[in-house]
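Here's the letter readout for the chains.
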Amino acid sequence: MNEIQRRRVLWAAIALPLIAYVFVLQHWAHNIPYNDDIPDILLFILTLGDASSFSESLQAVLAPHNDHRTSASRLIYALVYTLEGDIDFRSLTFVANTAIVGLFALLAYQVRGANRLLVLLILSLLLFQPRAFGPMFCVMCGFAFFYVNLYGLASLSLLKKPAPLPFLLAVVCAVLATYSLASGQLIWPAGLAWLLYLKWHHQQPWSYPLAWLAAAIICLYLYQYGWDKPNNTADVIELLMASPLFILRFGLAIAGSAFAWGMAPLAEAAGLILVAYLGWTTCKTFRSGLSPLHLFAWYALGQCFVIAMGRAPYAAVMDDPMFFAIVPRYSFISLCLVAPMLVLALNNTQPDKDQKVRLALVATLLFSLSSYWHYLPQIHAHWEHRLKFYNTGQYRLL
């Protein structure tokens, strides 16, 4: 097989996981709202339709939902509603999942070396599989967890070589991340750390870190402005002080939940390994030069522990509190932690020393296949449950 044929085969192989993923979406996506879809999408569209002025429309877009402001997602809901003339949750499911394609493209842009196509195949196998079937089929959840990571990586990538236009676009992406999911606020400290590192390592001007800090203060102030939600900070601090080990285990379980297979101790062990490796590779390359992928991995890890602090008070009263950490709702964040670390580990490998790449390819292939084997029955049961309630005129609400 010559080089051209080899490249064609590899590109076809890269496309296969995406095709399989789309097939699962095509088979299972239905026009049925679920959980947060009703208050965050249906109620929003109804409120927007009843608005008699721009001010009322803006209030509908900015209104909080639980612990979040999902304004970035609501703008897309409104656009889809305008284009289709109706709210179709099947269409919105596909729109939500396109964020994974964008995330794959941004990660692919960071891949370097002669084994680039093999690494892209590994990324495709890792991202396009049904482990995270919670956000995969819950529209609001999908927009939140998929887009907060897409916007975050886009923002950090644009800051790599600061210039006025890329910097402005990075700020826009950071605002979109903030207004997609509450944990998206972490993009501001991550971006500031990245800019301060570039100032130290590449002698970048102070103007960019200072401008970023100013944008962060304005955005976070506006995020909290006019919010009369109950403040549960005291409950979180009390639990943190009383059970710091529980919070740590909960965060580690979320970080390693991509490899949970229904077993929380396995997720905790995987999370601990991932955190240790991320710390090691960051320290190892700190002086030679970090990349946006290092910051994105820390951003994903930060999300794991922010969610742990926010959800642990609810999980603590459950019969099996650690099981809540490995639900499909949060496992996509774990994948977003693993993906950049894989790219960092496999970048710039040489063709004559690509055993590491081949081993990673075999492991990721087995991971993807086992995800389909393990989670497709759960997806089937999940949709049987949803359809049963839908056919009796009931909707599950949080």
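Source: prediction; values computed, not measured. (Residues numbered from 1 in each chain as written. Predicted model: local features only at pLDDT ≥ 70, side-chain atom pairs only at ≥ 80, totals over all residues. Heavy atoms only, no water.)

A. Main features of the pattern of salt bridges. As enumerated under the stated definition, the model contains three salt bridges in all. A salt bridge links arginine 329 to aspartate 36; the shortest N-O distance between them is 3.1 Å. In this pair, arginine 329 sits in the loop between helix H15 (292–315) and helix H16 (331–346) while aspartate 36 sits in the loop between helix H1 (3–28) and helix H2 (37–50), placing the two residues 293 residues apart along the sequence. Note that glutamate 268 and arginine 249 form a salt bridge whose closest N and O atoms lie 2.8 Å from each other. Highlighted residues: glutamate 268 in helix H14 (residues 264–285) and arginine 249 in helix H13 (residues 244–255), separated in sequence by 19 residues. In this structure arginine 249 comes out as partly exposed when scored by relative accessible area, which is 32%. (Salt bridge = Lys/Arg side-chain N within 4 Å of Asp/Glu carboxyl O. Helix = DSSP H or I, 4+ residues; strand = E, 2+ residues; numbered from the N terminus. Buried < 20%, exposed > 50% of the residue type's maximum accessible area, 1.4 Å probe, protein only.)

B. Layout of the side chain of arginine 386. Looking at the secondary structure, you find arginine 386 in helix H17 (residues 355–391). Among buried charged residues, arginine 386 stands out as having no salt bridge; its nearest opposite-charge side chain is aspartate 37, 4.7 Å away. A distance of 3.0 Å separates the side chain of arginine 386 from the backbone oxygen of isoleucine 32, its partner in a polar contact. At a separation of 3.1 Å, a polar atom in the side chain of arginine 386 contacts the main-chain carbonyl oxygen of phenylalanine 137. In this view, arginine 386 contacts Ile32, Pro33, Tyr34, Phe137 and Cys138; residues no more than four positions away in its chain are not counted. (Lys, Arg positive; Asp, Glu negative; His and termini not counted. Polar contact = N/O pair within 3.5 Å; in protein donor to acceptor, adjacent residues only side chain to side chain. Contact = heavy atoms within 4.5 Å.)

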